[in-house]
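# Survey of secondary and tertiary structure
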Amino acid sequence: RLDEVKPSLLSNKIVLETEAPDISIETEKENYCNQVGEKWYNKDVAFKVICSEKLSGISSVKIMLNDVLLEKDSLDNDIEEHISSAGIFERNYQINTTLAEPSVNGAYVITVQVQDFSGNKYEKSATVFVDDKKPNIEGFRFEESVENSNALTLEKESFYESFFTSRGKIIIEGKDELASS
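All of the points below concern the structure found in this document. If you're wondering where the values come from, they're calculated on a predicted model, not measured in any experiment.

### Some details on the sheet that holds strand β5 (residues 58-65)
The strand order across the open sheet built from six strands is β2-β3-β9-β8-β5-β6, with neighbouring strands paired in mixed fashion. Two strands close off the open sheet at either side, each with one partner strand: β2 (32-35) and β6 (68-69). In this sheet, strand β9 (residues 121-130) lies alongside strand β3 (residues 38-41) in parallel orientation, the contact comprising two bridges. Each bridged residue has a counterpart across the sheet, and for W40 the counterpart in β9 is F129.

### Some thoughts on the sheet that holds strand β7 (residues 90-96)
The three strands are arranged β1-β4-β7 in an open sheet whose pairing can be described as antiparallel. Sheet topology places β1 (22-26) and β7 at the edges, where each strand pairs with a single neighbour. The average undirected angle you get between the axes of adjacent strands in this sheet is 15 degrees. Of the strand pairs in this sheet, β1 and strand β4 (residues 46-52) are connected by five bridges, and their pairing is antiparallel. Looking across to β4, one finds that D22 is bridged to S52.

### Observations regarding a nonpolar patch on the surface
On the surface, I137, F140, F142, I170 and I172 cluster together into a nonpolar patch covering about 570 Å² of accessible area. At the level of elements, β10 (136-144) and β11 (168-175) are the ones that each hand at least two residues to the nonpolar patch. With three residues, β10 is the single largest residue contributor to the nonpolar patch. Position of F142 relative to the elements: it lies in strand β10.

### What about the pairing of strand β8 (residues 107-116)?
Counting buried positions along β8 yields seven of ten residues, so the element is predominantly enclosed. Here seven bridges tie β5 to β8, and the two strands are oriented antiparallel to one another. Bridge pairing links I63 to V112 in β8. With nine bridges connecting them, β8 and β9 associate as antiparallel partners. The residue of β9 that forms the bridge with V109 is T127. Here β8 folds back onto β9, and the loop between the two strands holds four residues, one of which, G119, carries a positive phi near 95 degrees.

Definitions and cut-offs
Residues numbered from 1 in each chain as written. Predicted model: local features only at pLDDT ≥ 70, side-chain atom pairs only at ≥ 80, totals over all residues. Heavy atoms only, no water. Pairing = 2+ DSSP bridges. Helix = DSSP H or I, 4+ residues; strand = E, 2+ residues; numbered from the N terminus. Axes fitted to C-alpha atoms, helices over the stretch in contact; angles between N-to-C directions. Patch = residues over 30% accessible without salt bridge, like charges linked within 9 Å, V, L, I, M, F, W, Y side chains within 5 Å. Areas by Shrake-Rupley, 256 points an atom, 1.4 Å probe, with all protein chains shown as cover. Salt bridge = Lys/Arg side-chain N within 4 Å of Asp/Glu carboxyl O. Buried < 20%, exposed > 50% of the residue type's maximum accessible area, 1.4 Å probe, protein only.

Structure representation (structure tokens):
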């Protein structure tokens, strides 16, 4: 409908609009561990998704989390696959990792697809990993330590001091199924 299109696009000439929409996907800037270029978190993650289109307006938005097509975001806002009004130039969504099951390695892949009323499409993806399970302590052992080692020493008298007659260290053995630890 021409009455819903930006006035700058109205004329008696044909306008060819070839500029694709834009997508921004952001996650928390803190509280993650960068492991070989991967973002690992120890809790659920919220993605902030901004879809924008400057000229003809947004006609459809699709958001998938681990290949599950989402109908609503974490704030219960509809994710509209088909937008009937051409006057929509920006849509904001919050997508939490709790909306889908993690992959075997703890990965969450969000894929956002946006199309404008001129038929231009853009797709963007982002991946985070969530390891919210604590490692299992499988055992520990005491070893004597040489004088110049980095072993823990007790600075003041305590109950535990009576267990150590010389410098030593405690080796704790743990196991974690995911690679972030």
